[in-house]
Amino acid sequence: MCVGSRGRRVTVKRRKPASPEAPISRIYEVRNAERLRDLCGPHHRHLQILETKLADFGLRAESQGGGILLIGTAEGVSIAEATLAELERRIRSGTEANDMEVEGALEAAQTPAQTFGGLVGLKKPIKPQTRGQAKYLELLANADNALVFGVGPAGTGKTFLAVAAGVAELTTGLRQRLIVTRPAVEAGEKLGFLPGTLEEKVDPYMLPIWDALRDLMGQEQMERRMARGEIEVAPLAFMRGRTLKNAFVIVDEAQNTTVAQMKMVLTRLGRDSRMVVTGDPGQVDLPGSQPSGMKHALRILEGVDGIQAHYLTAADVVRHGLVSRIIDAYAAAGEG
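All figures in this text were calculated on a predicted structure; none of them were measured in a lab.

## A word on the overall build of the protein chain
Consideration 1: When helices and strands are counted, the protein chain shows 12 helices and 9 strands.
Consideration 2: Per-residue burial for the protein chain yields a buried fraction of 47% across its 336 residues.
Consideration 3: Residue pairs in contact within the protein chain that sit at least 24 positions apart in sequence constitute 73% of those at least 6 positions apart.
Consideration 4: Per element, the accessible surface of the protein chain, about 16,900 Å² overall, is 51% carbon and sulfur.

## Describing helix H8 (residues 207–217)
Consideration 1: Of all the residues in H8, the buried ones are Ile 209, Trp 210, Ala 212, Leu 213, Leu 216 and Met 217. Projected onto a plane normal to the axis of H8, the buried residues spread over an arc of 165 degrees and lie on a single side.
Consideration 2: Tucked into the core, H8 has its buried residues touching helix H6 (158–171), strand S5 (177–182), helix H9 (219–227) and strand S6 (231–235).
Consideration 3: Gly 218 sits one or two residues past H8 and shows a positive phi near 90 degrees.

## Considerations on the sheet that holds strand S2 (residues 60–63)
Consideration 1: In space, the 3 strands of this open sheet follow the order S1-S3-S2, with antiparallel pairing throughout. A strand with exactly one partner marks an edge of an open sheet, and here the two such strands are strand S1 (24–29) and S2. When strand polarity is set aside, the average angle formed by the axes of neighbouring strands in this sheet is 20 degrees.
Consideration 2: Sheet analysis places S2 next to strand S3 (residues 67–72), joined by 4 bridges and oriented antiparallel. Residue pairing across strands places Glu 62 opposite Leu 69, the latter belonging to S3.
Consideration 3: In the packing of helix H2 (residues 45–53) onto the sheet, the strands contacted are S2 and S3, and the crossing angle to S2 comes to about 165 degrees.
Consideration 4: Where helix H3 (residues 74–92) meets the sheet, its contacts fall on S1 and S3, and the angle it forms with S1 comes to roughly 10 degrees.

## Some words on the environment of Gly 67
Consideration 1: For Gly 67, the position within the fold is in strand S3.
Consideration 2: Judged by relative accessible area, which is 0%, Gly 67 ranks as buried.
Consideration 3: Each C-alpha atom of the pair Gly 67 and Ala 33 lies 9.0 Å from the other, and the pair is 34 residues apart in sequence.
Consideration 4: Among residues more than four places away in sequence, those in contact with Gly 67 are Ile 27, Tyr 28, Glu 29, Val 30, Leu 36 and Glu 62.

## Focus: the side chain of Arg 182
Consideration 1: Tracing the sequence through the fold places Arg 182 in strand S5.
Consideration 2: Assessed through its relative accessible area of 7%, Arg 182 is described here as buried.
Consideration 3: There is a polar contact of 3.2 Å between the side chain of Arg 182 and the side chain of Glu 253.
Consideration 4: Dropping the residues within four chain positions of it, Arg 182 is found in contact with Tyr 205, Met 206, Pro 208, Ile 209, Ala 234, Pro 235, Leu 236, Asp 252 and Glu 253.

## Looking at the pattern of salt bridges
Consideration 1: Summed over the entire model, instances satisfying the criterion amount to 17 salt bridges.
Consideration 2: Between Glu 88 and Arg 35 there is a salt bridge, and its shortest N-O distance comes to 3.5 Å. Within this pair, whereas Glu 88 is found in helix H3, its partner Arg 35 is found in helix H1 (residues 33–40), the two being separated by 53 residues in sequence.
Consideration 3: Here Glu 232 and Arg 242 are joined by a salt bridge, their closest N and O atoms 2.8 Å apart. Taken as a pair, Glu 232 in strand S6 and Arg 242 in the loop between S6 and strand S7 (247–251) lie far apart in primary sequence, 10 residues in all.
Consideration 4: With relative accessibility at 21%, the residue Glu 232 sits in the partly exposed group.
Consideration 5: Taken together, the shared-partner salt bridges connect Glu 86, Arg 89, Arg 90 and Glu 101 into one network.

## Structural notes on the packing of helix H5 (residues 131–141) against H6
Consideration 1: Running from amino to carboxyl end, H5 crosses H6 at an angle of 30 degrees, the nearest separation of the two axes being 10 Å. Where H5 crosses over H6, the handedness of that crossing is right-handed. Listed contacts from H6 to Gln 133, Tyr 136, Leu 137 and Leu 140 of H5 are Lys 158, Leu 161, Ala 162, Ala 165 and Glu 169.
Consideration 2: Split into classes, the residues belonging to the contact of H5 with H6 amount to 6 nonpolar, 1 polar and 2 charged.

## Examining H5
Consideration 1: The set of residues buried in H5 consists of Gly 132, Gln 133, Ala 134, Tyr 136, Leu 137, Leu 139 and Leu 140.
Consideration 2: The inward-facing, buried residues of H5 contact strand S4 (147–151), H6, strand S8 (274–279) and strand S9 (307–311).

## Quick notes on the packing of H1 against H2
Consideration 1: Put simply, H1 and H2 touch, their axes get as near as 5 Å, and they point 50 degrees apart. In terms of axis orientation, H1 runs oblique to H2. Residue-level contacts link Asp 38, Leu 39 and Cys 40 of H1 to Arg 45, His 46 and Leu 47 of H2.
Consideration 2: Of the residues that constitute the contact of H1 with H2, the class distribution is 3 nonpolar, 1 polar and 2 charged.

## Some remarks on the sheet that holds S9
Consideration 1: Spatially, S6-S5-S7-S8-S4-S9 is the arrangement adopted by the 6 strands of the open sheet, whose pairing is parallel. Here the strands that pair on one side only, and so sit at the sheet edges, are S6 and S9. Between one strand axis and the next, the sheet turns through 15 degrees on average, direction left out of account.
Consideration 2: The strands that helix H10 (residues 259–266) touches are S4, S5, S7 and S8; relative to S8, the one it contacts most, it runs at about 155 degrees.

Calculation notes
Residues numbered from 1 in each chain as written. Predicted model: local features only at pLDDT ≥ 70, side-chain atom pairs only at ≥ 80, totals over all residues. Heavy atoms only, no water. Helix = DSSP H or I, 4+ residues; strand = E, 2+ residues; numbered from the N terminus. Buried < 20%, exposed > 50% of the residue type's maximum accessible area, 1.4 Å probe, protein only. Contact = heavy atoms within 4.5 Å. Areas by Shrake-Rupley, 256 points an atom, 1.4 Å probe, with all protein chains shown as cover. Arc of directions from axis to C-beta. Pairing = 2+ DSSP bridges. Axes fitted to C-alpha atoms, helices over the stretch in contact; angles between N-to-C directions. Polar contact = N/O pair within 3.5 Å; in protein donor to acceptor, adjacent residues only side chain to side chain. Salt bridge = Lys/Arg side-chain N within 4 Å of Asp/Glu carboxyl O. Left-handed = near helix turned anticlockwise from the far one by under 90°. Nonpolar A, V, L, I, M, F, W, Y, C, P; charged D, E, K, R; others polar. Parallel < 35°, antiparallel > 145°, perpendicular 65-115°, else oblique.

Set out below in structure tokens:
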């Protein structure tokens, strides 16, 4: 018999029940003893994760021989059941049950599957992995949102999903161009000591964008559209003095723009264009005490009609499960 116990609470964004509810109890049936051990995890860790993540729903989870007893609010118990069902499905398919899979199953259980119909025109389908990503994709897929801010830590998919939305609009003909730009701020490295022309010096800063484009449309189509001028990936300085018409514009790593740079790029938006600004305000690499243009813009543009801002959190990190805990630890220490 494995019994769940309270673990150390992790700081994540949770939706609390609207009002206190009397707890209910249900048993998630698991007839296979080996499967039950896999679901509970070594030293009951998987049940601890469920209890910690769903603490606001008063969840308690413990093994009851032929299943797992779940106690908490009706919503909390339902989420826990859906999580265990998803985890069991993954185990049956041959996936090893570990902390990362438990957290992935929990996010899948909490993601509203019917809220996002998908982006068309991509090499492979894109589906949200978390609730936060689902909401972010809804904003990106709505062409009426002329300016969207995607804010969040590394690994939340804010840039990749923005590129996916831009590729979809380009390949379906909704926009004539896809333009991706980012500031070439030196994060501990000196551009001047790198060999080559300016374009060659800043190219390493664009690698995440090239990788995303290859993944979403394939190397051949990417090169063909670049040759026709339909795709442009360039440092922010190249945007000055231009009007970007009929384009899907992505400003990446925007936390490293100055206030003047952010104003400059936001005012480049031309007729029939959209812009997505992505960045992590906790990772500003600007020299000295220069204020971040992204932080400034988020503050002064709040409530402006036609502008949407979506905040992703550590709960939306889809890299290794340890990454979200690292982010939480730095946030708790006031260092990011």
